[in-house]
Every structure is written in structure tokens, then in C-alpha cells.
Amino acid sequence: MVQRRLPRPAELRPLLRPAPFVRDATERRLARAASIGDLREIARRRTPRAVFDYTDGSADSELTLRRAREAFLHVEFVPSVLNDVSTVDTSREVLGVRAALPFALAPTGFTRMMHHEGELAVASVAEEVGIPYALSTMGTTTIEDMAAAAPGARKWFQLYLWRDRAPAKDLVARAAAAGYDTVMLTVDTPVGGARLRDIRNGLTIPPALSLRTFLDGARHPHWWFNLLTTDPLTFSSLVTSGGTPAELINRVFDPALTMADVEWLRGSWDGKLVIKGIQSVVDARRVVDVGADGVLLSNHGGRQLDRAPVPLELVPPVVDAVGDRAEVLVDTGVLHGGDIVAAVALGARAALVGRAYLYGLMAGGRKGVAKAVSILAAEIVRTMQLLGVNHVDELRPSHVRFRPNG
Ligand SMILES: Cc1cc2nc3c(=O)[nH]c(=O)nc-3n(C[C@H](O)[C@H](O)[C@H](O)COP(=O)(O)O)c2cc1C
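All values derive from a computational prediction rather than experimental measurement.

Side note on the site of the ligand
Then, in step 1: Residues in contact with the ligand amount to 24 residues; listed here are only the nearest, Pro-107, Ser-136, Thr-186, Asp-331 and Gly-333.
Then, in step 2: For the ligand, whose accessible area on its own is 600 Å², the fraction buried by protein is 98%.
Then, in step 3: Among the elements of the structure, α4 (49–56) and α18 (355–387) are those that each provide at least two residues to the shell around the ligand.
Then, in step 4: Residue classes in the shell around the ligand are distributed as eight nonpolar, twelve polar and four charged.

Regarding helix α9 (residues 165–177)
Then, in step 1: The first and last C-alpha atoms of α9 sit 19 Å apart over 13 residues, in line with the 18 Å expected at 1.5 Å per residue.
Then, in step 2: Residues of α9 that are buried: Ala-168, Leu-171, Val-172 and Ala-175. Buried residues of α9, seen end-on, are gathered within an arc of 95 degrees and therefore sit on one face of the element. Residues of α9 that are exposed and point over 90 degrees away from its buried face: Lys-169 and Ala-177.

Here's the deal with the pairing of strand β7 (residues 182–186)
Then, in step 1: Judged by how many residues are buried, β7 sits mostly within the fold: five of five residues are covered.
Then, in step 2: Of the two faces of β7, both are covered, the one formed by Thr-182, Met-184 and Thr-186 as well as the one formed by Val-183 and Leu-185.
Then, in step 3: As paired strands, strand β6 (residues 155–159) and β7 are joined by four bridges and run parallel to one another. Across the sheet, the residue bridging to Leu-159 is Leu-185, located in β7.
Then, in step 4: Pairing geometry for β7 and strand β8 (residues 272–278), over five bridges, is parallel. Within β8, the position partnered with Val-183 by the bridge is Leu-273.

About the thresholds
- Residues numbered from 1 in each chain as written.
- Predicted model: local features only at pLDDT ≥ 70, side-chain atom pairs only at ≥ 80, totals over all residues.
- Heavy atoms only, no water.
- Near = heavy atom within 4 Å.
- Areas by Shrake-Rupley, 256 points an atom, 1.4 Å probe, with all protein chains shown as cover.
- Helix = DSSP H or I, 4+ residues; strand = E, 2+ residues; numbered from the N terminus.
- Nonpolar A, V, L, I, M, F, W, Y, C, P; charged D, E, K, R; others polar.
- Expected span 1.5 Å × (residues − 1).
- Buried < 20%, exposed > 50% of the residue type's maximum accessible area, 1.4 Å probe, protein only.
- Arc of directions from axis to C-beta.
- Pairing = 2+ DSSP bridges.

Shown next, in the form of C-alpha cells:
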């Protein structure tokens, strides 16, 4: 029988010590987030529905994104125990420069719509942490403003080629002059994907004040206040006159893009060239044959072709085909540092993350992006230690196997 007694006040005192009060409301909110999923939940509550859905959603039935995420869930790690893992080095050379972590922040359009601090917040975190960030052609901050705000960041520029080549030539020249070292040409958008959530929400860029958005605005006054009291939401690299996201893509981009355009770009850009949106071994070979320094295996976060190949599954065969001539990067579906560890173990030079940092941005601006990156970084370190690996470069395909049934 357990003998019961009354606790003494001296025993209660340490238990009743209140947690220190965090004055900053954003920090208070973020302190409770322990995963990217938690940041997503905060983001969902903090932003108008159409904006959250634009970020969170993908194309058609959203199968592409679901499958990409499931592939990561089917990963089983093969750990080795009794290794000294008291120190861990997470750095990785990516396209000729060492990054502090084996991932980069992916290019995402309309970033100031998600949070008014936008691209500058993302670039500032990339600079502080020491990882690359790719500014999008559909960005809401200019090439030069981002370079001035984060001079020490490693900057990449994501390029869409459109019907008239002159603006693309100009953008690439501006990126070179502003110190961007890599151009990432996106090739999976000959036309816009069918983002059904955007159609159902009536999303336009910039958001228009319909009765519905007005009513939603009442639930997110801080978001509307920030939108209306900061620089107007415009595309900094495009001259265009608004509309739905799909209309914009279809108006501006070129469905007739071919390998000749990749060759043209290779001849016009001296820095590193990565082709983004490669989804087969054959295409990886074709672009490396014409001089690409890297291929990014990606289906655009599931926002283009529905039922597209799973990028993670393409890593081993593409590394086999072109790994001795070019670097293989991968994105789509990364929500955990362990996903990045698995991708690198399978042979990827690095992963890119899109939504993971955008959820952070929507949840708390720059502080939220920093939180997202720190969550991923801690997960990478912990996964490596539990796997028995000291250095990212020691990760091997033998550290990963797939469980076909989850
Ligand atoms: C809201 C949003 C906007 C995006 N805008 C662009 C873009 O302008 N250019 C581009 O090449 N990719 C764009 N992407 C795709 C990302 O670069 C990246 O491929 C994708 O987000 C990776 O998947 P993940 O979000 O699951 O990490 C966008 C993705 C999102 C979620």
C-alpha cells in the first residue's frame, strides 16, 4: 500500500514557478511550435484563407504533393550505434560553395502576400544561417533590394523565360551585377497548373477586396493592415497587370520553350546554372549535356502536373546517370530535417524547401522563418546523431531503405 502525506510548502514552491513571460507576442506564439506542422497551424490561423490555400495547396487532386510526402514517410533509416557523435558537422558544399546546412530556401512567388516582410525576411535568415536562397522571377522584392538587404547571403536567382527574351537577358545581367552566383531556370511551367483552391477562393494577385475577402479581412485585420500600409504588392521583375495566378503564368510564360533556350541561357550566363523541374533521367541527361551544372528534381511542390513522378524516387537513378558531371538537388514535400537527411543519403547534393519556410513566414515574419530553419536544423543534427553519422558527407544510400507499405 502506498502511504499518502500532505506536501510541504517548500516542495510546492519549485513546482509553482511560472514560466518566464515572453513580452513579444510573435515570439510567444512561435515558442510553442515544435515542428513545421505546428508552424503550419499557426500560419493557417494568421492569414486569410485564400492566401494560406495559395501557399499550402497544389494542383488538381493534389496527388503529386501527397505522394511526394508519402515517399518521405516510407523511408526507414538504418542506424549504426556506438559511434562517438558528440560533434556533428552539417555543412555541405553546394555548387562550389560550402553551406552551413544541406538545404536551400526555394524560390517562391508573391512572398510579400504571405507576410509583409516577404523576401527580405527570408534572405536575412539565409544570410544569418549560411544557406542559399533563390529569389523568384515572380518575387515581390527586386534583385537589387534583396542584395542590398542581405549582402552576405548566398543568392540564387530563379528565372522563368518568357516570350520576349530581352527582359530575361536583362534580369540575368542584373542578377550577375548584384552578386547572385547561380541561375535556376524553371522548366516545369509551360502553362499554369490547375490550382483548384485558388479558383474556388477567387484568388487574384494582388488580392482584391470582394465582399468575401472583406468579411475574411475582419478575421485577419493585422494582415490587411500590413498589406495596405506597406509598399504595394507588385511583381518586382515583371511588368504585368494582375489577374489570377494561372492567368499570369499563361500570359507571360512561353509554352514553346525547348532545349535551344537552355543552350541560349548557358551561353548568356557565366555563373552556375541549375535546371529546376527535371522529372526524368532522360531530361537530366539532356540538360547536363548542354552544360547545366546542376539539376533540381522537382515537380514544383505538386503545383503543376498532377500525378507527376516523386522527386525523391528519382534521386538514385539520376545520380547514377549524371552524378559525375552535375550536382543533383531535390525538392517537394520536405517537412522534416529527416527528409533532408534521407535525400542526401540517397545521393542528393542538397534539398530545397518551399512551404516549410513559408509556413514560418506566415506564422511570424522573419522570426517565423528563423524558427522554421532552426527546427529543420535541429532535426538534421538529431537524425544524424541517432543514425551514428558525424558529417553530412558520410551519409550513404545504405543509411536508407524503403518500407513499401508505410
Ligand atoms: C507559394 C509557392 C510559390 C512558388 N513560386 C515559385 C516560383 O515563383 N518559381 C519557381 O520556380 N517555383 C516556385 N514554387 C515551387 C518551389 O520553388 C519549390 O519547388 C516547392 O515549393 C518545393 O516543394 P515544398 O513546398 O513541398 O517544399 C513555389 C512554391 C510555393 C509553395
